Amino acid sequence: MIERLTKISISIFLGSIITFSVLYGPQGILTEIANKFHLSATTAGFAMSISTIFMALSLLFVPAISNLYGRKPLMVVSLLISSILNLLLPLSPNFETFLVIRALQGILVSGFPAIAVTYISEEMPAHQFNKAVALYVSGTGAGGFLGRIFVSFFTDIFSWHIALGLLGGLNIALSILFILLIPDSIHFKRVTLSFKTWASSLYEVSSNRFLLLLYIVGFISMGTFVTLFNYIGFILLDAPFSFSQTMIGLLFIFQFAGSIGSNLVGALINHYSKITLLVCSACISILGASFTISNSIYILMIGLFLFSIGFFAAHSIASGWVSSVMTGDKKPYASSMYLICYYTGASVIGIVGGLTFDTYHWAGLINMLIICFMFLFVIASMLLIKTKESHTQRGLQ
């Protein structure tokens, strides 16, 4: 039993690394892509936004497919083929082709994050669930960092074309290791695919007001996080910082703070309320974002560290909470709807953030992100009201 649980934990962590290194590998070289194809910062940012847009759209259908064919097969196909597509990115003759491949990656990579938390909830004991989700979330930070620093480092040594190809090769190797490790599902129950079941399930998880609030948490937190890291490279390349691509990539090490944030939540979740931890996460992110306006690289680095802790903590709280609200075959639909909002936030706020950055520069962008995070205080208040209403209704029954 212990060996099986260990394999599940390791394989889910690996899957997170693969998924998010594929998704965010190009983020550290957006300046190179902009120079190569003669693009503005906003247009170059579409290399990130388009994959998350198509990923979000695909998440509408992934739960139904996984309920029919199983969790493991879908995760395997998702990781392996999206990694193979990374080998094609360097061959893009123009930016349009690059975007098409990124869109395909978004579609294919959706199979892992949509199913991972559901797989954990089905195969792990209840008392291990929060820790397993925290490990999954920490893997997203590790994968994001690996993709960015790996590509940035090899771009400085060779070129961005070779760097993306090497990342593809690495992820294919990790995907094979994932296939060898991931145990077959024991508690999966196949559900026959029907339009009626699909539509009713989507309606149920979309009309639940409590879940809607958690979806907004994902929308705001992911959108602000991706936007900050999309455009920070543009200011770090210029004076007074004048960083190289490798140095910019190394700054993404602060996303390892995500491991601190998510694991801290896993340790504290049984001692403090989720709402309290969510508010604290928002406060930490706002403080971190405000520090990045400084011209001191040391203060800026502290800001990135705090911002990353806050984001990953909020994401860990919201994603785990969503999965615990729904039961049975509705779980993957709830998780997918959360991720749809999560990645839609990355696309929408990312695009608006790019326009803000082009017009109002870095200080204007940071002010926009802080305003976005302040909405989490409103959401936390509404969640508190809903929680109290739920407890009152149970007491009357």
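Refer to the structure printed above.
Being a predicted model, the structure only gives us computed values, none of them experimental.

Q: So what exactly am I meant to see when it comes to the overall build of the protein chain here?
A: Across its full length, the protein chain carries 17 helices and zero strands. With the C-alpha coordinates of the protein chain rotated into their principal frame, the extents come out at 65 × 40 × 40 Å. Counting every position in the protein chain, which comprises 397 residues, the buried fraction comes to 59%. For the protein chain, the computed accessible surface area is about 15,600 Å², with 70% contributed by carbon and sulfur atoms. With 18 positive and 12 negative side-chain charges, the protein chain shows a separation of 12 Å between the mean positions of the two kinds.

Q: Which parts of the structure should I look at to understand the packing of aromatic side chains?
A: In this description, an aromatic ring pair is defined by two values, namely the gap between the centres and the angle between the planes. On inspection of all chains with the given rule, the structure shows 26 aromatic pairs. Aromatic pair phenylalanine 37 and tryptophan 160: ring centres 6.2 Å apart, planes at 65 degrees, arrangement edge-to-face. Placement of phenylalanine 37 in helix H2 (residues 30-37) and of tryptophan 160 in helix H10 (residues 160-181) is noted, with a sequence separation of 123 residues between them. You can call phenylalanine 37 buried: its relative accessible area is 13%. Of the residues examined, tryptophan 160 reaches a relative accessible area of 4% and is grouped as buried. Plain terms: the ring middles of phenylalanine 112 and tyrosine 136 are 6.2 Å apart, the flat faces sit at 45 degrees to each other, and that makes the pair tilted. Here the residue phenylalanine 112 occupies a position in the loop between helix H7 (95-109) and helix H8 (113-123), and tyrosine 136 occupies one in helix H9 (residues 129-157), the gap between them amounting to 24 residues. In this pair, the class of phenylalanine 112 matches that of tyrosine 136, namely buried. Put simply, the rings of Phe225, Phe229, Phe307, Phe311, Phe312, Tyr338, Tyr342, Tyr343 and Phe373 pair up and form one aromatic cluster. The lysine or arginine in question, lysine 274, covers the ring of tryptophan 321, its NZ or CZ lying 5.5 Å from the ring centre.

Q: I would appreciate a short explanation of a nonpolar patch on the surface in the present structure.
A: Nonpolar side chains collect at one region of the surface, where Ile53, Phe54, Leu57, Val100, Leu104 and Ile107 lie side by side and expose about 470 Å² of accessible area between them. Listed by contribution, the elements that provide at least two residues to the nonpolar patch are helix H4 (46-58) and H7. Locating isoleucine 53 in the fold gives a position in helix H4. On the basis of relative accessibility, which here comes to 31%, the residue isoleucine 53 falls in the partly exposed class.

Q: Teacher, can you tell me more about the pattern of salt bridges here?
A: Two side chains carrying opposite charge are able to pair once their charged atoms lie near each other. One pass over the full model with this rule turns up four salt bridges. Here arginine 4 and glutamate 123 are joined by a salt bridge, their closest N and O atoms 2.6 Å apart. Within this pair, whereas arginine 4 is found in helix H1 (residues 2-24), its partner glutamate 123 is found in helix H8, the two being separated by 119 residues in sequence. Classification of arginine 4 by relative accessible area gives buried; the value is 18%. Among the residues examined, glutamate 123 registers a relative accessible area of 4% and is labelled buried. For the salt bridge of arginine 71 with glutamate 122, the shortest nitrogen-to-oxygen distance reads 2.6 Å. Of this pair, arginine 71 sits in helix H6 (residues 71-85) while glutamate 122 is found in helix H8, placing the two residues 51 residues apart along the sequence.

Q: I tried to follow the environment of lysine 386 on my own but got confused; where do I start?
A: The residue lysine 386 is located in helix H17 (residues 331-396) in this model. In this structure lysine 386 comes out as partly exposed when scored by relative accessible area, which is 25%. The residues touching lysine 386, leaving out its near neighbours within four places in the chain, are Arg209, Phe210 and Leu213.

Q: Any chance you could explain the nonpolar core here in plain terms?
A: One recurring pattern in soluble globular proteins: nonpolar side chains tend to sit buried together. Counting residues in each nonpolar core, the largest one holds 131 residues, and the members touching the most others are Leu236 and Tyr343. The element best represented in this core is H17, accounting for 24 residues. If sequence neighbours within four positions are ignored, tyrosine 343 has contacts with Phe20, Leu23, Tyr24, Thr52, Met55, Ala56, Leu59, Pro113 and Met222.

How each quantity is defined
Residues numbered from 1 in each chain as written. Predicted model: local features only at pLDDT ≥ 70, side-chain atom pairs only at ≥ 80, totals over all residues. Heavy atoms only, no water. Helix = DSSP H or I, 4+ residues; strand = E, 2+ residues; numbered from the N terminus. Buried < 20%, exposed > 50% of the residue type's maximum accessible area, 1.4 Å probe, protein only. Areas by Shrake-Rupley, 256 points an atom, 1.4 Å probe, with all protein chains shown as cover. Lys, Arg positive; Asp, Glu negative; His and termini not counted. Charge placed at Lys NZ, Arg CZ, Asp CG, Glu CD. Phe/Tyr/Trp six-rings, centres within 6.5 Å; stacked < 30°, edge-to-face > 60°. Lys NZ or Arg CZ within 6 Å of the ring centre and 35° of its normal. Patch = residues over 30% accessible without salt bridge, like charges linked within 9 Å, V, L, I, M, F, W, Y side chains within 5 Å. Salt bridge = Lys/Arg side-chain N within 4 Å of Asp/Glu carboxyl O. Contact = heavy atoms within 4.5 Å. Core = buried A, V, L, I, M, F, W, Y, C linked by side-chain atoms within 4.5 Å.

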